[in-house]
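# Topology and contacts: notes
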Amino acid sequence: MFSVGIVGTGSYVPEEVTTNVDLEKIVDTNDEWITSRTGIRERHFAPKDVPVSELCYQAGLRALEDAKVAPEDVDLVIIATITPDYAFPATACLVADRLGAKNAAAFDLEAGCTGFIYGVATASQFIATGMYKTALVIGGETMSKILNWEDRSTCILFGDGAGAAVLQAVDEGSGFLSFELGSDGSGGPLLKQPAGGSMCPASRETVEKQQHTVHMAGNEVYKFAVRIMGEVAVKVLEKIGLTQADVDILIPHQANIRIVDAAVKRLGISPDKVIVNLDKYGNMSAASIPVALDEAAKEGRLAAGNTIVMVGFGTGLTWGACVLRWTKAGFTA
Ligand code: UT7
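Residues numbered from 1 in each chain as written. Predicted model: local features only at pLDDT ≥ 70, side-chain atom pairs only at ≥ 80, totals over all residues. Heavy atoms only, no water.

Pairing is mixed across the open sheet formed by 5 strands, whose spatial order is β1-β7-β6-β4-β5. Edge positions in the sheet fall to β1 (3-12) and β5 (105-109), since each of these pairs with one other strand and no more. For this sheet, the mean angle separating the axes of adjacent strands, direction not counted, is 20°. As paired elements, strand β4 (residues 76-80) and strand β6 (residues 135-142) share 5 bridges and run parallel to each other. Following the sheet pairing, I78 is matched in β6 by V137. Relative to β1, helix α3 (residues 52-67) is tilted by about 125°, and along the sheet it contacts β1, β4, β6 and β7 (160-170). (Pairing = 2+ DSSP bridges. Helix = DSSP H or I, 4+ residues; strand = E, 2+ residues; numbered from the N terminus. Axes fitted to C-alpha atoms, helices over the stretch in contact; angles between N-to-C directions. Contact = heavy atoms within 4.5 Å.)

Dropping the structure here:
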């Protein structure tokens, strides 16, 4: 089995910025409430005619450039998203085609905001076994397309963007050291898009009732999030004999600063080790963690040998975490 790591990252957010004050004009809310209850100050929204594949393409291109990998050398493209271009074909196929990744298998993966963690865990297995050499994993969302602009408890939370990582074999002892994934479908009703699938196909009625938008029991998801983030981070470290004291950098899912702060406090990790960018982007679902990872890498916050924990939760319910010993050097042995 090969050790697997991230050898390049990239991200992309649409240009247009929507501030909390901008939202005050379309829904009954205010900057003070949003900032104090969520930590979010602004978010980026894609124009109406820009699909998620465009954001994923841009992020993927940047990650391949960063890794110095040619598109034709990519063996696998996985896109984690809950806002695909279409129910089918898979957005990953469209993005692989645009990138010129002619030799790649491609599929979408749906695990909500945990999607990027599920994605790198999945891609790692193909590389660890030697089946593939290079995988491109992208978390991308256009949440703006599925928001109910009359529901102030959800529409103020989300943003659009994409983050990508190139995975290859790396020297033993670096790269991904452990993964922990989980799910509990009994919590599915807490966070869902009720219509448009086979349970409730699209109809005039589903459109009129806003059933193609995000429906969330915010308080329930909040309690689950604080508990699970702490639990899964401890578990993924324990698996390899580490503790919170060994963590150099924590990259949590960027849903709400109060969730991040509560989880970090429970874990006893120093806040200066925690990457937070939700103030600028809101909750970008599957894109949150990879965009934060890419920004941290580009800002020089990740040093070779650092122990990084990425941890997320989302619809499903799902949760997941990984421990990554940072290196951007490929396999040298
Ligand atoms: O990636 C996973 C996706 N989701 C999440 O992670 C979200 C998890 N949940 C949360 O982050 C929080 O539960 C929310 C931010 C969604 C809500 O915050 P809260 O502190 O739990 O507020 P609440 O739902 O208990 O509402 C408190 C009050 C209510 O008014 P009353 O009934 O006390 O008069 C709401 O109607 O705040 C009101 N409210 C708002 N007021 C101004 C709710 N949304 C807004 C708003 N602006 N946007």
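Back to the write-up after that little detour.
This brings us to the site of the ligand. Around the ligand, 22 residues are found, and the nearest of them are T29, R37, N219, N256 and N283. Side-chain polar atom of T29 to a nitrogen atom of the ligand: 2.7 Å apart, as the coordinates give it. One of the side-chain N or O atoms of R152 is found 2.9 Å from an oxygen atom in the ligand. Here the ligand loses 74% of its free accessible area of 960 Å² to cover by the protein chains. Sorting the residues of the shell around the ligand by element identifies α2 (31-38), α6 (152-155), α8 (218-238) and α9 (257-267) as the ones contributing at least two each. At 4 residues, the largest contribution of residues to the shell around the ligand is made by α8. In terms of residue class, the shell around the ligand is made up of 11 nonpolar, 8 polar and 3 charged. (Near = heavy atom within 4 Å. Polar contact = N/O pair within 3.5 Å; in protein donor to acceptor, adjacent residues only side chain to side chain. Areas by Shrake-Rupley, 256 points an atom, 1.4 Å probe, with all protein chains shown as cover. Nonpolar A, V, L, I, M, F, W, Y, C, P; charged D, E, K, R; others polar.)

This brings us to the side chain of N306. Mapped onto the elements of the fold, N306 is located in the loop between α11 (288-298) and β12 (307-314). On the basis of relative accessible area, N306 is assigned to the buried category, the value being 14%. Ignoring sequence-local partners within four residues, the contact set of N306 consists of D248, I249, R301, L324, R325 and W326. (Buried < 20%, exposed > 50% of the residue type's maximum accessible area, 1.4 Å probe, protein only.)

Two descriptors summarise a pair of aromatic rings, namely the distance from one centre to the other and the angle between the planes of the rings. Using the criterion set out here, one finds 5 aromatic pairs in the structure. Members of the aromatic cluster, each reached through a chain of ring pairs, are F224, F313 and W319. The ring of Y57 carries the charged tip of R98 above its face, separated from the ring centre by 3.8 Å. (Phe/Tyr/Trp six-rings, centres within 6.5 Å; stacked < 30°, edge-to-face > 60°. Lys NZ or Arg CZ within 6 Å of the ring centre and 35° of its normal.)

Here T38 lies in helix α2. T38 gets classed as buried once you look at its relative accessible area, which sits at 2%. Apart from residues no more than four positions distant in its own chain, T38 is found in contact with W33, I156, L157, N256, I257 and L278. Of the polar contacts made by the side chain of T38, one reaches the backbone oxygen of I34; its length is 2.5 Å. In terms of polar contacts, T38 uses its side chain to reach the backbone amide nitrogen of I40, at 3.0 Å.

This next bit is on unusual backbone geometry. With an omega dihedral of 5°, the bond running from F88 to P89 counts as a cis peptide bond. Here the residue pair G316 and L317 is connected by a cis peptide bond, since its omega of -5° sits within 30 degrees of zero. Summarising the element assignment, L317 is placed in the loop between β12 and β13 (318-325). In this structure, Q210 is a non-glycine residue whose phi angle is positive, near 60°. Judged by relative accessible area, Q210 falls into the partly exposed class, the value being 26%. Positive phi, close to 50°, is recorded for S285, a residue that is not glycine.

This brings us to the pairing of β12. Most of β12 is tucked away: 8 of the 8 residues are buried. Burial of β12 is two-sided: the residues T307, V309, V311 and F313 facing one way and the residues I308, M310, G312 and G314 facing the other way are all buried. In this structure, strand β11 (residues 249-252) lies alongside β12, joined through 4 bridges in parallel fashion. For I251, the partnering residue across the bridge sits in β12 and is M310. Pairing analysis gives 8 bridges linking β12 to β13, with the strands arranged antiparallel. Looking at β13, one finds that V311 is bridged to A321. Here β12 folds back onto β13 in antiparallel fashion, the turn holding 3 residues, of which G316 has a positive phi close to 145°.

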